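Structural overview
Chain by chain, the residues run as shown.
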Amino acid sequence: MTARTLSTLGIAVLLALGTGGCSKFKKKDAGAATGDYDFVSGSPLPERSGASFFAGNVDRSMFQPVYFGYDSYAVEPGERSKLDPIASFLRGGGKSIILAGFTDERGTPEYNRALGERRAQAVREELISMGAGAADIQTVSFGEEMPADAGGDESAHAKNRRVEIGVIK
Amino acid sequence: MTLSRFSAPGALALAAFAIACAPFRASAQEAPVITIRKGDQIALAVGTLGGAEGNAVTAILQNDLSLAGWFAMVDAARAGYTVGGTAQGGQIQGTVTDRNGGVVLSRTYPGGRRGAHQFADDIVETVAGKKGIASSRVAFVGTRSGRKEIYIADYDGSGISQLTNDGSISVGPNLSADGSRLSYTGYKSGYADIYVIDTGSGSRNRAVKFPGTNTGGAFSPDGGRMAATVSRDGNPELYVVGTDGGGARRLTRSRGAESGGSWSPDGSEIVFSSDDGGAPQLYRISSGGGAPRRIATGLGYASDPNWSPDGTKIAFTTRGGGGFQVAVHDLQTGQTRTLPTGGSAEDPVWGANSRHLIYAQNGAVYLLDSVTGRNLKVIEGVGRISEPTWTR
């Protein structure tokens, strides 16, 4: 158990370095080798539970949304403390959640659907590294649909680049 | 630096024009006597067709042949080819004669818009030796009902009809080349699934419904498979999957998000975008799997690629000019240029002729001639329109 936690922590650190600190290095490298493209990504998702994020059987008000930078799926250090109560809630057992990823309106809708999903998965990996069970966390991306703020300025964009946490009742 | 080089319009537009017209020049030389060209276009006259529906059909033909780009519309006296015929009783009898009065095309078509578009495409094929776009169907997302639903229309914006009525979120349509099937991303289940509609029978299948998000079902050229973004492994990756959702095969393993898969015309490769290296960039990969290769577009942002049916060019969305722009990367020369769209534009898709693109701008569909730079709003009035796609 401790060994497993340590190794998942290690992966989390690598992930954090990779998604945040190493982005410049990755950019410089992107044209050259295809070998560096290979990456064993996160934990497979569980089968769907039948719950639907915007339906009545999901409580979307229990936890604060996690916000993201433009075009980024890195969980910012300032947002990380929001994950503590979620991880703790899931470690208690018997509960499962849906993480819904969203983007601002800039960029194409299809690109934003993928980016929203990547954001939800980034939060999911963090929670798993904090001891939450992979089988208890679903993801979905709405991309630029269902904005939290319908405005077109940067303050609206910042509110829309988010992952919302829905607790399945 | 690269950006300013690519945006110099004159020289590059000329170069592109020369490249695009090279095959046409070659074919025109085979019949130099009867071909009168105005610039690099074939001089064509469209006389008013006889019969009760003659005026209506003539108007459609003139619009189609003008938009086609291959022709200079002139008087009969100066024409290399003249279009004529009759339209009545739900039937079009169409003819094309050359300068010497020789009949190069004579055929009967159904009446109305469908027949007129077919006639126009036959004229393009017979006279210019190119595939026409007039019979193409365009699918897109519209918000008229208050929800995002999928609509379909003729390429010139006529005959708009609503295809989905899910009342949830229906987005990301892709048409098969022949238009017999349409895929889209729907949220009826609460998750993002890829639905496939048989456009003939209207039957629908929730085809790709893995855990997580499933989106971007792009049909292979033969219509038998789809490229798609699937996140079941814990990351959005590029997959190839059967049109019924079976036989799913993962192609990429990356840290980033893959999206926007589009097939090469022979089905051997898929181009897609990945933000594995920061901002999205284009990669190509064998559709059977293997190592992806980055396509050096020279631009810092490249998403939603679309491979031309002739295999030589990839159109995509780039960031610039205070918004987003349509760019084309030529696989033969390695050159990239951004196209003049007069405002923020995204999601370009090649037509059957590998010359015209449709794209989304300000909630409407625009048709862009990549050779002349001429662009025109063709579909609007269904609320806010996005994500156009068309048949080939």
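If you're wondering where the values come from, they're calculated on a predicted model, not measured in any experiment.

A word on the overall build of chain B. A tally of regular secondary structure across chain B gives four helices and 30 strands. Relative to the compact-globule value of 21 Å for 392 residues, chain B shows a C-alpha radius of gyration of 22 Å, a close match. With 392 residues in all, chain B has 52% of them scored as buried. Long-range pairs, those at least 24 residues apart, make up 44% of the contacts in chain B with a sequence separation of at least 6.

The secondary structure content of chain A amounts to five helices and five strands. For chain A, the succession of helices and strands along the chain, N to C, is α-α-β-β-α-β-α-β-α-β. Among the 169 residues that make up chain A, the fraction classed as buried is 38%. Of the contacts formed within chain A by residues at least 6 apart in sequence, a portion of 78% connects residues at least 24 apart.

Further remarks concern the interface of chain A and chain B. Residue-level contacts link 41 residues of chain A with 47 residues of chain B. Sorting the residues of the side of chain A that touches chain B by element identifies α2 (23-29), α4 (109-129) and β4 (137-143) of chain A as the ones contributing at least two each. The dominant element in the side of chain A that touches chain B, judged by the number of residues it contributes, is α4(A), at nine residues. Grouping the constituent residues of the side of chain A that touches chain B by class yields 16 nonpolar, 14 polar and eleven charged.

Counting 129 residues, the largest nonpolar core has Leu99(A), Ala100(A), Leu44(B), Leu61(B), Val138(B), Ile358(B) and Val365(B) as the members making the most contacts within it. For this core, the element with the highest residue contribution is α4(A), accounting for eight residues. Discounting chain neighbours no more than four positions away, the residues touching Ile358(B) are Val138(B), Val349(B), Gly351(B), Val365(B), Tyr366(B), Leu367(B), Pro388(B) and Trp390(B).

Attention now goes to helix α4 (residues 112-128) of chain B. Residues and elements named next belong to chain B. Here α4 is 17 residues long and its end C-alpha atoms lie 24 Å apart, about the 24 Å a rise of 1.5 Å per residue gives. Buried within α4 are the following residues: Gly115, Ala116, His117, Phe119, Ala120, Asp121, Ile123, Val124, Val127 and Ala128. Downstream of α4 by one or two residues, glycine 129 has phi in the positive range, about 70 degrees.

This part is about the sheet that holds strand β16 (residues 237-242) of chain B. In any sheet, the strands associate via hydrogen bonds between backbone groups, in a parallel or an antiparallel arrangement. Taken together, four strands build an open sheet; the order of strands is β14-β15-β16-β17 (chain B) and the sheet is antiparallel. The open sheet terminates on both sides in strands that have one partner only, identified here as β14 (214-219) and β17 (249-250) of chain B.

In this section: unusual backbone geometry. All names here are of chain B. Its identity is not glycine, yet aspartate 304 carries a phi of approximately 50 degrees, on the positive side. Summarising the element assignment, aspartate 304 is placed in strand β22 (residues 303-307). Positioned with a positive phi, aspartate 347 is a non-glycine residue whose angle comes to about 60 degrees. Structurally, the position occupied by aspartate 347 is in strand β26 (residues 346-350).

With that settled, consider the packing of helix α3 (residues 54-68) of chain B against α4(B). Residue and element names in this part refer to chain B. Two elements in contact, α3 and α4, have axes whose closest approach is 9 Å; the angle formed by their N-to-C orientations is 40 degrees. Classed by the angle they form, the pair α3 and α4 counts as oblique. Relative to α4, α3 is oriented so that their crossing is right-handed. Of α4, the residues touching α3 (which contributes Val57, Ile60, Leu61, Asp64, Leu65 and Ala68) are Arg113, Ala116, His117, Phe119, Ala120, Ile123 and Val124.

Residues and elements named next belong to chain A. Looking at where valine 66 falls in the secondary structure, it is placed in strand β2 (residues 66-67). Through-space distance from the C-alpha of valine 66 to that of glutamate 164 is 6.7 Å; in sequence the pair is 98 residues apart. Ignoring any residue separated from it by four or fewer positions in sequence, one finds valine 66 in contact with Val75, Glu79, Lys82, Val123, Arg162 and Val163.

Our focus in this paragraph is the domain arrangement of chain B. Residue and element names in this part refer to chain B. In terms of domains, chain B is made up of domain 1 (31-128) and domain 2 (137-390). Taken over C-alpha atoms, the centre of domain 1 sits 33 Å from the centre of domain 2. Secondary structure elements with two or more residues in the side of domain 1 that touches domain 2: α3 and α4. Residues of the side of domain 1 that touches domain 2, tallied by class, amount to one nonpolar, three polar and one charged.

Quick look at the sheet that holds β26(B) now. All names here are of chain B. Spatial ordering of the open sheet is given by β26-β27-β28-β29, a layout of four strands whose pairing is antiparallel. A single partner strand is all that each edge strand has here, and the edge strands are β26 and β29 (375-379). For this sheet, the mean inter-axis angle between neighbouring strands, taken without regard to orientation, is 30 degrees. As judged from the four bridges shared by strand β28 (residues 364-369) and β29, these two strands associate in the antiparallel manner. Counted as the bridge partner of leucine 367 is leucine 376 from β29.

Residue and element names in this part refer to chain B. In terms of strand pairing, strand β12 (residues 193-198) meets strand β13 (residues 204-208) through four bridges, oriented antiparallel. Of the residues in β13, the one forming a bridge with isoleucine 194 is valine 208. Linking two consecutive strands that pair antiparallel, namely β12 and β13, is a turn of five residues; a positive phi of about 80 degrees is found at glycine 202 within it.

Turning our eyes to something else, we now look at the pairing of strand β30 (residues 386-390) of chain B. Residue and element names in this part refer to chain B. Buried residues dominate β30, accounting for five of its five residues. Pairing of strand β7 (residues 137-142) with β30 involves three bridges; the strand directions are antiparallel. When the bridges of β30 are listed, valine 141 appears paired with serine 386.

Per-residue confidence for chain A gives a mean pLDDT of 82; residues scoring 70 or more make up 76%. Between residues 1-38 of chain A, whose pLDDT stays under 50, and residues either more than four places distant or in other chains, the model counts 33 contacts.

What follows deals with the confidence of the model for chain B. Residue and element names in this part refer to chain B. Across chain B, pLDDT averages 91, with 90% of residues at or above 70. Predicted confidence is poor over residues 1-38, with pLDDT under 50, and the contacts of this stretch with residues over four places away or in other chains come to 35 contacts. Quick note on the complex model: pTM equals 0.86, ipTM equals 0.89.

All names here are of chain B. Here glycine 186 is to be found in strand β11 (residues 181-186). In this structure, the C-alpha to C-alpha distance between glycine 186 and aspartate 166, residues 20 residues apart in sequence, is 8.2 Å. Every residue in contact with glycine 186, bar those within four places of it in the chain, is listed here: Asp166, Ser168, Ser170, Asp193 and Tyr195.

About the cut-offs
Residues numbered from 1 in each chain as written. Chains lettered and ligands numbered in written order. Predicted model: local features only at pLDDT ≥ 70, side-chain atom pairs only at ≥ 80, totals over all residues. Helix = DSSP H or I, 4+ residues; strand = E, 2+ residues; numbered from the N terminus. Rg over C-alpha atoms; globule rule 2.2 N^0.38 Å. Buried ≥ 20, exposed ≤ 12 C-beta atoms within 10 Å, placed from the backbone. Contact = placed C-beta atoms within 7 Å. Nonpolar A, V, L, I, M, F, W, Y, C, P; charged D, E, K, R; others polar. Core = buried A, V, L, I, M, F, W, Y, C linked by C-beta atoms within 7 Å. Expected span 1.5 Å × (residues − 1). Pairing = 2+ DSSP bridges. Axes fitted to C-alpha atoms, helices over the stretch in contact; angles between N-to-C directions. Parallel < 35°, antiparallel > 145°, perpendicular 65-115°, else oblique. Left-handed = near helix turned anticlockwise from the far one by under 90°. Domains from an automatic or database assignment. pLDDT = per-residue confidence, 0-100.

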